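# Remarks on the overall topology
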Amino acid sequence: MKLIHINTENCPTCNSIPFSDRRLMDEDINPLTETREFLCGLVLKYDIISKKVNIIKKCHLSDNYLEIQKKRLDAIKRLVNFCESLDVDETFKKDILVLLAGKLKTTRMDVRRKL
Ligand SMILES: [Zn+2]
């Protein structure tokens, strides 16, 4: 698939190649969004509202990737402890903890992929 707005062919950090291109079109066949994923984890997305290509996920080989992920893991663990201390009903608390558990799992997977 040929993307119109994303023309980055290789990751600027590690020179990795793309493995997935996606385009969401409107009824007039104009691209609303475009997404390109690279083998190294870098994800670029074009947004029609801002008319910019943004980095959605960083390259796993970037210098500060592990540092960012470790801070995220620490923040999630602190949020779990905070949620468990809240004076709210157990159903509400469980809903929040399920969301945090899902985020914790994906963050750990990202860290393992790098190591
Ligand atoms: Zn990369």
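We now turn to the structure provided with this report. (Residues numbered from 1 in each chain as written. Predicted model: local features only at pLDDT ≥ 70, side-chain atom pairs only at ≥ 80, totals over all residues.)

## Concerning the overall build of the chain
Going by this rule: Strands are runs of DSSP state E lasting at least two residues, helices are runs of H or I lasting at least four, and both sets are numbered from the N terminus onward. Our exposure labels follow a C-beta count within 10 Å of each residue's own C-beta, placed from the backbone: buried means 20 or more other C-beta atoms, exposed means 12 or fewer, and partly exposed covers the counts in between. Contact between two residues is assigned whenever their backbone-derived C-beta positions fall within 7 Å.
Counting its secondary structure elements, the chain contains 2 helices and 4 strands. Secondary structure elements of the chain occur, N-terminal to C-terminal, as β-β-β-β-α-α. Here the chain holds 115 residues, and 10% of them are scored as buried. Across the chain, every contact between residues at least 6 apart in sequence was considered, and the portion connecting residues at least 24 apart equals 40%.

## A few points about the nonpolar core
As a reminder, the rule being used: Here a nonpolar core is just a set of buried residues of the types Ala, Val, Leu, Ile, Met, Phe, Trp, Tyr and Cys, joined wherever their C-beta atoms sit within 7 Å.
Membership of the largest hydrophobic core is limited to 7 residues, which are Cys11, Phe38, Cys40, Leu42, Leu44, Cys59 and Tyr65. With residues near it in sequence (within four places) discarded, Leu44 still touches Ile6, Thr8, Arg36, Val53, Ile55 and Ile56.

## Structural notes on the pairing of strand E3 (residues 43–47)
Test applied: When DSSP finds two or more bridges between two strands, those strands count as paired.
Here E3 shows a clear split, with Leu44 and Tyr46 buried on one side and none of Val43, Lys45 and Asp47 buried on the other. Bridge analysis of E3 against strand E4 (residues 52–57) gives 5 bridges, and the strand direction is antiparallel. Bridge pairing links Lys45 to Asn54 in E4. Hairpin connection, E3 to E4: the antiparallel pair is bridged by 4 residues, and Lys51 has positive phi, about 55°.

## Some details on the environment of Thr33
Mapped onto the secondary structure, Thr33 falls in strand E2 (residues 31–38). The sequence separation of Thr33 and Lys51 amounts to 18 residues, and the corresponding C-alpha distance is 9.5 Å. Apart from residues no more than four positions distant in its own chain, Thr33 is found in contact with Leu24, Lys45, Tyr46, Asp47 and Ile48.

## Some points on the environment of Leu104
Relative to the elements of secondary structure, Leu104 occurs in helix H2 (residues 90–114). Taking the C-alpha atoms as reference, Leu104 lies 8.5 Å from Arg72; in sequence the two are 32 residues apart.

## Description of unusual backbone geometry
Here the phi dihedral of Asn15 falls at roughly 70°; this positive angle occurs in a residue that is not glycine. Tracing the backbone shows Asn15 in the segment before strand E1 (18–25). Taking the number of C-beta atoms within 10 Å as the measure of exposure, Asn15 has 12 and is therefore exposed. Its identity is not glycine, yet Lys51 carries a phi of approximately 55°, on the positive side. The residue Lys51 is located in the loop between E3 and E4 in this model. Under the C-beta neighbour-count criterion, Lys51 is labelled exposed, with 8 such atoms within 10 Å.

By themselves, these observations are geometric and do not establish any function.
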